[in-house]
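Chain by chain, the residues run as shown.
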Amino acid sequence: MSSPPDVDAVAYEPSRDVVESSNVYAFMREYGIESYDELHRRSVESVDGEPNSGLDWFWDAVVDHLGLEFDVDYDAVRDASDGPQFTDWYVGGELNIAHNVLDRHARVDSPKRNAVACIWEGEYGQVREVTFHELHRQANQVAKALEARGVDTGDTVGLYMPMVPEVISILYGCFKVGAIAVPIFSGFGVDATATRIDDAECRVLFTGDGFYRRGDEIALKDAADAAIAEAGHVEHSIVFDRLGLDVDWDPARDEWWGEAVATQDDAYDTKSLPSDAESMLLYSSGTTGEPKGIVHTHAGGLVQPAKELYFAFDHKDYDRFFWVSDIGWMMGPWTLIGNHAFGGTVFMYEGAPDYPEPDRFWEMIDRHGLTVFGISPTAIRALQQHGDEWLDGHDLSSLRLLGSTGEPWDPESWQWFYEHVGRGEIPILNISGGTEIFGCFLQPSPVHALKPTTLAAPA
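Quick caveat: nothing in here was measured; it's all calculated off a predicted structure.

## Digging into the packing of aromatic side chains
Then, number 1: Under the criterion given, the structure shown has 39 aromatic pairs.
Then, number 2: Residues F58 and W59 carry aromatic rings whose centres are separated by 5.2 Å and whose planes lie at 85° to one another, so their mutual orientation is edge-to-face.
Then, number 3: You can call F58 buried: its relative accessible area is 9%.
Then, number 4: Plain terms: the ring middles of W249 and W256 are 4.6 Å apart, the flat faces sit at 20° to each other, and that makes the pair stacked.
Then, number 5: Note on W249: relative accessible area 33%, which makes it partly exposed.
Then, number 6: Judged by relative accessible area, which is 23%, W256 ranks as partly exposed.
Then, number 7: Taken together, the aromatic side chains of F27, Y31, W57, F58, W59, F70, Y74, W89, Y90, Y310, F311 and F342 make up a single cluster linked through ring pairs.
Then, number 8: Its end group placed over the ring of W57, R42 keeps NZ or CZ at 4.2 Å from the ring centre.
Then, number 9: Seen from the ring of W120, R128 lies directly overhead, with NZ or CZ sitting 5.9 Å from the centre.

Written out as structure tokens, the structure reads:
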């Protein structure tokens, strides 16, 4: 067994080619900035004698550099006249997340129209690929279904769903009509689900009959029914048929996806909304007291993850991005929006990391040619315990970046991940932030030298 790494010694040093081909380096060159530290200072400090004017420069430059589209240009990047805690962002602007992550890529003249937006693999090996054109049509059907059930701008819609591609259509369909999406972790029991439905007052809930977990059928609709009975509010429950289960049915409330959504017309004009229009209500884990619901807007909910995926994770056009997360946690929408803002491909897996064998992740990385892989330290520790031999025979050379979040690393597990999964030659981008900001406070980028377990730098 190898000795623990020296956490004070640099373990990864990016090559000159890696640095100079990175997106953050190109951004720095465009603005005559010599180093990441200088970039960070300029993004938060004064650039013209006005307090915090670097914020205005940076968040304006990001929109332009990343090619994010506002339907109506904003008059000012921010208005902090009521204090920094009450800042209004992109004042006077109008946009919609769904236009940026979906509509513009699905245009007839877009090179991304028939590109793969999502590769999905079920626990038993079924694979589906969904293009931006197909996703666009289905999100439009979701939008039509929502409006047919009286959902309007500002109404809340719950997503208590199995991990299937339809969750993307639901999320983007909510954005299209101006509804507030409320993702709920599919592993939650009745009480935790009911608490969130009650707090958000969801009128519509999307759920499924169930999903597979370690070969077992998990009946999701039973928990959804009990949560609705406890919380109230839900007038329409739209059920995706994942397993073909015989489920209890309330004909006054329940509708199958195939009847409620798939029968809708697939054309829809996405609403243009003010920058501060609410897009998502994301709940914290509730580890202390009641879970906290954090509101994210169409401007913030787009620009923040797009900025992080482009700069920190150095988005490339060929990437296939896999972050192990449920749609009910912040990292689910963050992954989708951040990648799809650039027409990127997201990989989604339904099942357990060690089913049917402990090499499931390594096998999928090999078979699908995944390029970015993000996972929690706890999951790596669990996989490490199965032994190094489970990586044998799997080609992980497609990987160019690793990611992690959620908790601190221990040096031994970090080293195992770096050496055995990352081949001792690609960085672990360890990030730390929170649901509150839909992103990170601390994170490395490809230009950083990294020490074991480090968070590296301010985001």
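## Digging into the side chain of E350
Then, number 1: Relative to the assigned elements, E350 resides in the loop between β17 (345-349) and α13 (360-368).
Then, number 2: A distance of 3.5 Å separates a polar atom in the side chain of E350 from the backbone nitrogen of Y212.
Then, number 3: Separated by 2.8 Å, the side chains of E350 and R242 make a polar contact.
Then, number 4: Every residue in contact with E350, bar those within four places of it in the chain, is listed here: W120, E121, G122, E123, M163, F211, Y212, R213 and R242.

## Some points on the environment of E147
Then, number 1: You can see E147 is positioned in helix α6 (residues 132-148).
Then, number 2: The spatial distance from the C-alpha of E147 to the C-alpha of C174 is 9.9 Å, given a sequence separation of 27 residues.
Then, number 3: Sequence-distant contacts of E147, defined by excluding residues within four places in its chain, comprise V177, Y268 and K271.

## Details of the nonpolar core
Then, number 1: Core analysis: the largest hydrophobic core is formed by 90 residues, its most contacted members being Y90, L146, Y172, F206, F313, W334 and I337.
Then, number 2: Setting aside residues no more than four positions away along its own chain, Y172 makes contact with A98, V101, L102, L135, A139, L336, I337 and H340.
Then, number 3: With 28 residues, the next largest nonpolar core counts F373, I380, L383 and L396 among its residues.

## Comments concerning the packing of helix α8 (residues 190-200) against helix α9 (residues 220-231)
Then, number 1: At a closest axis distance of 8 Å, the pairing of α8 and α9 adopts a crossing angle of 50°. Considered as vectors, α8 and α9 are oriented oblique to each other. As for the relative orientation of α8 and α9, their crossing is right-handed in sense. In contact with V190, D191, T193, A194, I197 and D198 of α8, α9 contributes A223, A226, A227, E230 and A231.
Then, number 2: Looking at the contact of α8 with α9 residue by residue, the class counts come to seven nonpolar, one polar and three charged.

## As for the sheet that holds strand β4 (residues 116-121)
Then, number 1: In space, the seven strands of this open sheet follow the order β5-β4-β17-β16-β18-β19-β20, with mixed pairing throughout. Of all the strands in the sheet, the pair left with one neighbour each is β5 (127-131) and β20 (428-430). Sheet twist, expressed as the average angle between the axes of neighbouring strands with direction ignored, equals 20°.
Then, number 2: Of the pairings in the sheet, the one linking strand β18 (residues 372-375) to strand β19 (residues 401-404) comprises four bridges and is parallel in character. Note that in β19 the partner of I375 across the bridge is S404.

## Quick notes on the packing of helix α14 (residues 377-384) against helix α15 (residues 411-421)
Then, number 1: One way to put it is that α14 packs onto α15 with a least axis distance of 10 Å and a crossing angle of 75°. Taken together, the axes of α14 and α15 are roughly perpendicular relative to one another. Contacts between α14 and α15 involve I380, R381, L383 and Q384 from the first element and E412, S413, W416 and F417 from the second.
Then, number 2: Grouping the amino acids of the contact of α14 with α15 by side-chain chemistry returns four nonpolar, two polar and two charged.

## Describing the pattern of salt bridges
Then, number 1: Per the counting criterion, the structure on display carries 29 salt bridges.
Then, number 2: In this structure, E166 and R128 form a salt bridge, with 2.9 Å as the shortest nitrogen-oxygen distance. Residue E166 is located in helix α7 (residues 166-177), and its partner R128 is located in strand β5; the two are separated by 38 residues in the primary sequence.
Then, number 3: Note that D266 is salt-bridged to R137, the shortest N-O span being 2.7 Å. Within this pair, whereas D266 is found in the loop between α10 (257-260) and β13 (273-274), its partner R137 is found in helix α6, the two being separated by 129 residues in sequence.

## Observations regarding unusual backbone geometry
Then, number 1: Note the cis peptide between Y355 and P356, where omega equals 0°.
Then, number 2: On the secondary structure map, P356 appears in the loop between β17 and α13.
Then, number 3: Positioned with a positive phi, R423 is a non-glycine residue whose angle comes to about 60°.
Then, number 4: In this structure, R423 sits in the loop between α15 and β20.
Then, number 5: By relative accessible area, which is 30% here, R423 ends up partly exposed.
Then, number 6: Of note, A456 is a non-glycine position whose phi angle comes to about 75°, a positive value.
Then, number 7: Turning to its location among the elements, A456 is positioned in the segment after β22 (439-442).

Thresholds, definitions, all that
- Residues numbered from 1 in each chain as written.
- Predicted model: local features only at pLDDT ≥ 70, side-chain atom pairs only at ≥ 80, totals over all residues.
- Heavy atoms only, no water.
- Phe/Tyr/Trp six-rings, centres within 6.5 Å; stacked < 30°, edge-to-face > 60°.
- Buried < 20%, exposed > 50% of the residue type's maximum accessible area, 1.4 Å probe, protein only.
- Lys NZ or Arg CZ within 6 Å of the ring centre and 35° of its normal.
- Helix = DSSP H or I, 4+ residues; strand = E, 2+ residues; numbered from the N terminus.
- Polar contact = N/O pair within 3.5 Å; in protein donor to acceptor, adjacent residues only side chain to side chain.
- Contact = heavy atoms within 4.5 Å.
- Core = buried A, V, L, I, M, F, W, Y, C linked by side-chain atoms within 4.5 Å.
- Axes fitted to C-alpha atoms, helices over the stretch in contact; angles between N-to-C directions.
- Parallel < 35°, antiparallel > 145°, perpendicular 65-115°, else oblique.
- Left-handed = near helix turned anticlockwise from the far one by under 90°.
- Nonpolar A, V, L, I, M, F, W, Y, C, P; charged D, E, K, R; others polar.
- Pairing = 2+ DSSP bridges.
- Salt bridge = Lys/Arg side-chain N within 4 Å of Asp/Glu carboxyl O.

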